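Each chain is listed here by its residues.
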Amino acid sequence: MNWIKKSSYLVPIIICVLGILGIAYYYFVGSFSKLSATEYVYIDDNDNLDSVCVKLEPIASNHGLSAFKMLARHGGYMEHIRSGRYAITPDQSTIKVFRNLKNGHQEPVKLTIPESRTMDRLAGYLSRKLMMDSVAVAILLSDSSFCAQQGYDTATIACLFVPNTYEVYWNISIENLMKRMQKENENFWNVQRTLKAEALKLSKNEVCTLASIIDEETANNAEKPMIAGMYLNRLKADMPLQADPTIKFALKDFAIKRIYHNMLQFNSPYNTYKNTGLPPGPIKIASVAGIDAVLNRTAHDYLYMCAKEDFSGTHNFARTYQEHLKNAAKYSQALNEKGIK
């Protein structure tokens, strides 16, 4: 009889406990996201709980967001909000999402270093891909002391960057990014590449500088070793490189389609019509293809080149100035016929 009486009390209690557990499971262990695909939330340094919840709202289910707020208020999250890029998958529980954000378990981003023409443009690109301020990055990359800490100066800092895709955290600092780039640069300049540069009697920075000019001369990777051979012949003969892309860089006008004689008089260390040798540094972040074209240049005796009149992006090469003038005349006529000024 007593057993029956006790059972009459236990059953409602068990039902209540199970109900509470079910609700807790629904709120805390059930799926946090209301979406069917993985989404990413970006938490900044200046975010607070309210702004974090605003960022989570488009992703979270109503019960998931309510449970997250409860966990955040009672789990010490408000005092230790960690910046970063966090992945929220459809099957993640609210507790899992909370723990990831609280402990800073973020997902890396794939950062592709572009072949930027200027460090200002690189700074702008980095600010769009990472938690960085473009102005602050641009100031650092133009600061002689900061560049010297990396082993470069403001003219050669572009040599540090090797265009490739890297996994980094979204909230990486510019200082740590530079450390990562140092490591990747060392890996890129392996024994084989270093020995080839030494055989050409060029420093790594000089290889990158010449490669940057070649990259701007053509997008045709197959032709780059030929162009490299021509410029190396000019350097050996102590002839001005007379590279049109350096004029565009000196003038900071990359939209120029045609170089005129008056432009060649512009005073700049990057004007390779007025100065012999290589300019002070790269005119862009050199491509891997451009660097390897210099290191594996085609040996020949050409000293001149001119864009082909068919606008194929390739060049006519010449051994003598007279032959070059004929090629230049054909190209100039083609420009006039196209109305390119």
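In the block above lies the structure referred to throughout.
Calculation criteria
- Residues numbered from 1 in each chain as written.
- Predicted model: local features only at pLDDT ≥ 70, side-chain atom pairs only at ≥ 80, totals over all residues.
- Heavy atoms only, no water.
- Helix = DSSP H or I, 4+ residues; strand = E, 2+ residues; numbered from the N terminus.
- Buried < 20%, exposed > 50% of the residue type's maximum accessible area, 1.4 Å probe, protein only.
- Contact = heavy atoms within 4.5 Å.
- Areas by Shrake-Rupley, 256 points an atom, 1.4 Å probe, with all protein chains shown as cover.
- Core = buried A, V, L, I, M, F, W, Y, C linked by side-chain atoms within 4.5 Å.
- Phe/Tyr/Trp six-rings, centres within 6.5 Å; stacked < 30°, edge-to-face > 60°.
- Axes fitted to C-alpha atoms, helices over the stretch in contact; angles between N-to-C directions.
- Parallel < 35°, antiparallel > 145°, perpendicular 65-115°, else oblique.
- Left-handed = near helix turned anticlockwise from the far one by under 90°.
- Pairing = 2+ DSSP bridges.
- Arc of directions from axis to C-beta.

Caption draft 1: Quick peek at the overall build of the chain. Helix and strand counts for the chain come out as 14 helices and six strands. The dimensions of the chain, computed from C-alpha atoms along their principal axes, are 120 × 45 × 35 Å. Split into buried and exposed, the 341 residues of the chain put 43% on the buried side. If you take every contact in the chain between residues at least 6 apart in sequence, the share linking residues at least 24 apart comes to 65%. Of the roughly 18400 Å² of accessible surface on the chain, a fraction of 53% belongs to carbon and sulfur atoms.

Caption draft 2: Quick peek at the nonpolar core. Membership of the largest hydrophobic core comes to 62 residues, with the highest contact counts inside it found for Phe161 and Tyr231. When residues of this core are assigned to their parent elements, the largest contribution, six residues, is made by helix 10 (residues 204-217).

Caption draft 3: Layout of the packing of aromatic side chains. One pass over the full model with this rule turns up 11 aromatic pairs. On the basis of an interplanar angle of 70° and a centroid distance of 6.0 Å, the ring pair of Phe68 and Phe98 is categorised as edge-to-face. Of this pair, Phe68 sits in helix 3 (residues 62-74) while Phe98 sits in helix 4 (residues 94-103), placing them 30 residues apart in sequence. Under the relative-accessibility criterion, Phe68 is labelled buried at 0%.

Caption draft 4: Representation of the packing of helix 10 against helix 13 (residues 288-295). Where helix 10 meets helix 13, the axes come as close as 8 Å, and the angle between the chain directions of the two elements is 115°. With respect to helix 13, the axis of helix 10 lies roughly perpendicular. Judged by the twist between their axes, the crossing of helix 10 over helix 13 is right-handed. In this structure, helix 10 contributes Val207, Cys208, Leu210, Ala211, Ile214 and Asp215 to the contact, and helix 13 contributes Gly290, Ile291, Val294 and Leu295.

Caption draft 5: The arrangement of the pairing of strand 6 (residues 315-318) in detail. Residues of strand 6 alternate between two faces, with His315 and Phe317 on one and Asn316 and Ala318 on the opposite face, all of them buried. Across four bridges, strand 5 (residues 304-307) lies against strand 6 in antiparallel orientation. Bridged to Cys306 within strand 6 is Asn316.

Caption draft 6: Structural view of helix 6 (residues 134-141). Inspection of helix 6 places Val137, Ala138 and Leu141 among the buried residues, and these make up the whole buried set. Take helix 6 and look down its axis: the buried residues cluster within an arc of 100°, on one side only. Exposed residues lying more than 90 degrees from the buried face of helix 6 are Val135 and Ile139. In this structure, the buried residues of helix 6 make contact with helix 5 (119-129), helix 7 (144-149) and helix 8 (174-188).

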